[in-house]
Amino acid sequence: MPENETYQPTDFIREFVKEDLASGRFTYVHTRFPPEPNGYLHIGHAKAISISFGIAEDFHGKTNLRFDDTNPLKEKMEYVDAIQEDVRWLGYDWEDRLFFASDYFEQLYEWAKELIKKGKAYVCELSDEEIREYRGTQEFDEQGNRVTPPGKNSPYRDRPIEENLDLFERMRNGEFADGSKTLRAKIDMAHPNLNMRDPVMYRIMHAEHYRTGNQWCIYPMYDWTHGQSDSIEGITHSICDVGFENHRPLYDWYIRELGIFPSRQIEFGRLHLTYTVLSKRYLRQLIEEGHVSGWDDPRLPTIKGMRRRGFTPEAIRAFCKRIGISKSDGIVEIQQLEHCLREHLNQTAPRVMAVLNPLKVVITNYPEQQEEELEAINNPEDPTAGTRKVPFSRELYIERDDFMEEPPKKFFRLSPGREVRLRYAYFVACQEMIKDDKGEIVELRCTYDPATRGGDAPDGRKVKATLHWVSARHAVKAEVRLYEYLFTKEDPFDLKEGEDWKTNLNPHSLTVLSNCYVEPDMAAAQAGYRCQFERLGYFCKDPDSTPERPVFNRTVALKDTWKKIQQKTD
RNA sequence: UGGGGUGUAGACGAAUGGUAAAGUCACCGGUCUUUGGAACCGGAGUUUGAAGGUUCGACUCCUUCCACCCCAGCCA
């Protein structure tokens, strides 16, 4: 990858891979990213993607994209497309290796028959409730605590092989109703790992699959699909989150019984981030209940949302790399993510001046009709970004926060009688404040020093502050959307008795400012354009923009030590 | 309860029996600055979940305990 992610991360998965190569267990490295197309990707997936693609890359191997689409009730082509777009946007390439578990249905069916013939699988007619009962997982002691006695065998467990074969074929042929029968692996009903107590391999579902249509009415379960799919593709290291750790014995069991290529499953701890939720279930709930506008709401940790917010793929990748990989289930502070974002945007985002809460300034000694263009640096971090011309005139807007009638000790900005610099323009001094009936300041009268054009005083005098500004006559009116954390608590599930997690939703997570002014060029910028509004933060043009009314999302604010000082003195 | 996991500063996370236990974020202080940004310099903080044991030497090996997380779908 071309960006400046220079240090080589080392982690236990890479150690395993190294060992496997050294021992000869594998002679190459091939990973996969296996999303189910039933929702959109979020930053947790980005971590998984970064691990699987990253490891393959480190070991000169390949990574497949495979859709794990074994549940026709939940999956859609729309998600397949969106997921591909997101993975690509993140900067990863699976080349021509796009696969679908649903393409393996026939092979899986054949393998199931093999298992039946080996006496390792049987058609069961227990209902779902009965299966649970027989598994022994529904028992409680006198105190109501869960206990887990050994399960007992299904009465259908010892059906003759021929009968199983016949029944299984008829299951496929659609002779039986949904839920009336299953195919189960014959393992051990007393196994301490519940996944090994005769897991269901196939269930009957007369449902249309988004890819196979009505070709099938039996669908394989995840466990009976995943390992074999890995094996078919020659995947060496099947990297997933710890949620699947207790499925590994079953993963291995199926592969061993079938005698097929032995992919190795390795698990890592899933990502948690402060001030947000990171699971499809909760994200969906926020959307369905209207707490956010959709999967691409810029407040969401979805890839779509983050993209709209103005995140760069580089920042997300740098973050994934920096947080490392382990199996502990910690929670990463969101500041870590913000840092990676600022770091990249600082290098790459062109600077622009924009005033979010305008306060009018009239330069009384500047001629009424005069205007001029001043040269501004596009990005002080990147000389190749060049310069631009910014229009200046008698009437300007500055940020309301940059003026205080009675400034506290550490406030360096404008106040009555004080001189400050207007960035790339002139020194100005405040002479007078105009207030309305309510005592609100509506305008400032200032004078400028023509000798300070460009921002330096020939006499060497200094000012303590530099303000951003915009020419009232030239500026373009814009809408700006400010975002704060979605939740008021680091852990949204930090709740009092009986409280719903959504009570921790931050009512101020979105603030819309509709009276903002930006440099004239911003009207023409494309949606998705990222820049820094000087002294404010990084912003990204939203697709809601029209030529008449550009809309900007605040991606992330600049670090603000003044705010910190204020908070401390409060 | 059974099974599977995890515990190293506020957060993430290195250290593979051998120097005062990396690094990043956050925090604190300073330098510099035409962004109170960036950059740069410096600082504080853990004694490695607890208790025992093995060893010249333990985050690392052993024992016991404690805490937390996950699973107990015909979801993935």
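Look a little higher up for the structure.
Residues numbered from 1 in each chain as written. Chains lettered and ligands numbered in written order. Predicted model: local features only at pLDDT ≥ 70, side-chain atom pairs only at ≥ 80, totals over all residues. Heavy atoms only, no water.

Student: Any chance you could explain the protein's contact with RNA strand B here in plain terms?
Tutor: Neighbouring RNA strand B are 69 residues, the closest being Arg135, Thr137, Thr148, Arg413 and Gly454. Here the atoms of RNA strand B within 4 Å of the protein split so that 66% fall in sugar or phosphate, with bases taking the remainder. Here a sugar or linking oxygen of RNA strand B and a side-chain polar atom of Arg322 are 3.3 Å apart. The backbone of Tyr424 places a nitrogen or oxygen atom 3.1 Å from a base oxygen of RNA strand B. When residues of the surface near RNA strand B are traced back to their parent elements, those giving at least two are α5 (128-135), β6 (146-147), β8 (200-204), α11 (313-323), α12 (334-348) and α13 (561-569). For the surface near RNA strand B, the residue count by class is 21 nonpolar, 22 polar and 26 charged. (Near = heavy atom within 4 Å. Polar contact = N/O pair within 3.5 Å; in protein donor to acceptor, adjacent residues only side chain to side chain. Helix = DSSP H or I, 4+ residues; strand = E, 2+ residues; numbered from the N terminus. Nonpolar A, V, L, I, M, F, W, Y, C, P; charged D, E, K, R; others polar.)

Student: How should I be thinking about the sheet that holds strand β7 (residues 182-185) in this particular structure?
Tutor: Backbone-to-backbone hydrogen bonds join strands into a sheet, with any given pair of strands oriented parallel or antiparallel. Reading across the sheet, the 4 strands line up as β4-β7-β8-β9 and stay open at both edges, with antiparallel pairing between neighbours. Of all strands in the sheet, those with a lone pairing partner are β4 (121-124) and β9 (218-220), marking the two edges. Sheet twist, expressed as the mean angle between neighbouring strand axes with direction ignored, is 20°. Of the strand pairs in this sheet, β4 and β7 are connected by 4 bridges, and their pairing is antiparallel. Its bridge partner being in β7, Tyr122 is matched across the sheet by Arg184. Contacts between helix α4 (residues 105-117) and the sheet are confined to β4, β7, β8 and β9, with β8 contributing the most and set at about 120° to the helix. (Pairing = 2+ DSSP bridges. Axes fitted to C-alpha atoms, helices over the stretch in contact; angles between N-to-C directions. Contact = heavy atoms within 4.5 Å.)

Student: In this structure, what is going on with the layout of surface pockets? I would like to understand it.
Tutor: Gaps between atoms show up when a probe of the same size as a water molecule is rolled over them. Quantified by volume, the largest pocket comes out at close to 1,600 Å³. Forming the boundary of the largest pocket are 43 residues, of which Ala557, Leu558, Lys559, Asp560 and Lys563 lie nearest the centre. Those elements that provide at least two residues to the lining of the largest pocket are α12, β23 (476-483), β24 (510-518), β27 (551-557) and α13. At 7 residues, the largest contribution of residues to the lining of the largest pocket is made by α13. Residue composition of the lining of the largest pocket, grouped by class: 18 nonpolar, 9 polar and 16 charged. Taken as a whole, the second largest pocket encloses approximately 940 Å³ of empty space. Around the second largest pocket sit 32 residues that line it, and Glu36, His45, Asp241, Phe244 and Lys280 are the ones nearest its centre. Of all the secondary-structure elements, those providing two or more residues to the lining of the second largest pocket are β1 (30-33), α2 (43-58) and β10 (237-241). Each residue belonging to the lining of the second largest pocket can be placed in one class, and the counts come to 14 nonpolar, 9 polar and 9 charged. (1 Å grid on protein atoms, 1.4 Å probe; cavity = no way out; pocket = protein on both sides within 12 Å on 5 of 7 lines; lining within 4 Å. Points joined across faces, edges and corners; volume = space filled by probe spheres on them.)

Student: Whenever I open this one, the pairing of strand β16 (residues 387-393) confuses me. Can you help?
Tutor: Consecutive side chains of a regular strand alternate in pointing toward one face of the sheet and then the other. β16 sits mainly inside the fold: 5 of its 7 residues count as buried. Pairing analysis gives 7 bridges linking strand β15 (residues 371-377) to β16, with the strands arranged antiparallel. Considered in β16, the bridge of Ala376 is made with Arg388. (Buried < 20%, exposed > 50% of the residue type's maximum accessible area, 1.4 Å probe, protein only.)

Student: When you look at the packing of α2 against α11 in this model, what are you seeing that I'm missing?
Tutor: How two helices sit against one another is set out by the angle between their axes and by the gap between those axes. The contact between α2 and α11 brings their axes to 9 Å, and the two run at 70°. Relative to α11, the element α2 is oriented roughly perpendicular. Counted together, Ile43, Ala46, Lys47 and Ser50 of α2 and Ile316, Phe319, Cys320 and Ile323 of α11 form the full contact between these two elements. Split into classes, the residues belonging to the contact of α2 with α11 amount to 6 nonpolar, 1 polar and 1 charged. (Parallel < 35°, antiparallel > 145°, perpendicular 65-115°, else oblique.)

Student: So what exactly am I meant to see when it comes to the packing of aromatic side chains here?
Tutor: Geometry of an aromatic ring pair is reported as the spacing of the ring centres plus the angle between the planes. The final tally for this structure, using the stated rule, is 28 aromatic pairs. Summarising the aromatic geometry, the rings of Tyr426 and Tyr448 are spaced 4.7 Å apart at their centres and angled 80° between planes, so their arrangement reads as edge-to-face. Residue Tyr426 is found in the loop between β18 (419-422) and β19 (427-435), and its partner Tyr448 is found in strand β20 (residues 441-448); the two are separated by 22 residues along the sequence. Note on accessibility: Tyr426 and Tyr448 belong to one class, buried. The rings of Phe105, Tyr109, Phe168, Tyr202, Trp216 and Tyr219 are connected pair by pair, giving a single aromatic cluster. Above the face of the Phe176 ring, Lys181 is positioned so that its terminal group lies 4.0 Å from the ring centre. The ring of Phe16 has Arg264 sitting right over it, with the charged end atom 4.6 Å from the ring centre. (Phe/Tyr/Trp six-rings, centres within 6.5 Å; stacked < 30°, edge-to-face > 60°. Lys NZ or Arg CZ within 6 Å of the ring centre and 35° of its normal.)

Student: Where do I start with the sheet that holds strand β3 (residues 98-100) in this structure?
Tutor: Across the sheet, 3 strands lie side by side as β1-β2-β3; this open sheet has parallel pairing. Taken across any chain shown, the strands that pair with only one partner, and hence form the sheet edges, are β1 and β3. Each strand of the sheet is rotated relative to its neighbour by a mean of 35°, with strand direction disregarded. Set on the sheet, α2 makes contact with β1 and β2 (62-67); between it and β1 the angle comes to about 160°. Seen against the sheet, helix α3 (residues 77-90) touches β1, β2 and β3 and runs at an angle of roughly 155° to β2.

Student: Sorry, what's going on with the nonpolar core here?
Tutor: In globular proteins that are soluble, nonpolar side chains generally tend to be buried together. In this structure, Ile13, Ile43, Val87 and Phe319 are the most contacted members of the largest nonpolar core, which totals 46 residues. Counting residues per element, the ones that place at least two in this core are α1 (12-23), α2, β2, α3, β11 (264-268), α10 (303-309), α11 and α12. Here this core takes 7 residues from α2, the largest share from any one element. Listed in part, the 35 residues of the second largest apolar core include Trp111, Val123, Phe168 and Ala185. (Core = buried A, V, L, I, M, F, W, Y, C linked by side-chain atoms within 4.5 Å.)

Student: Looking at this structure, I do not really get the state of the cysteines. What am I missing?
Tutor: Cysteine pairs can be covalently joined through their sulfur atoms, and such a bond is termed a disulfide. Applying the stated criterion across every chain yields a total of 0 disulfides. Here Cys430 stays unpaired: no disulfide links it, and the sulfur of Cys446, its closest cysteine neighbor, is 4.7 Å away. By relative accessible area, which is 0% here, Cys446 ends up buried. (Disulfide = S-S within 2.5 Å.)

Student: Would you mind going over a positive patch on the surface with me for this structure?
Tutor: A surface patch of positive charge is lined by Lys409, Lys410, Lys559, Lys564 and Lys568. Within the secondary structure layout, Lys568 lies in helix α13. (Patch = residues over 30% accessible without salt bridge, like charges linked within 9 Å, V, L, I, M, F, W, Y side chains within 5 Å. Areas by Shrake-Rupley, 256 points an atom, 1.4 Å probe, with all protein chains shown as cover. Salt bridge = Lys/Arg side-chain N within 4 Å of Asp/Glu carboxyl O. Lys, Arg positive; Asp, Glu negative; His and termini not counted. Charge placed at Lys NZ, Arg CZ, Asp CG, Glu CD.)

Student: Sorry if this is basic, but what is going on with empty space enclosed by the protein here?
Tutor: Scanning the model with the defined rule gives 1 cavity of 30 Å³ or more in all. For the largest cavity, the calculated volume is near 210 Å³. Taken together, 18 residues form the lining of the largest cavity, with Arg299, Arg309, Phe311, Ile334 and Leu337 sitting closest to its centre. Among the elements that make up the lining of the largest cavity, the one with the highest residue count is α12 (3 residues).

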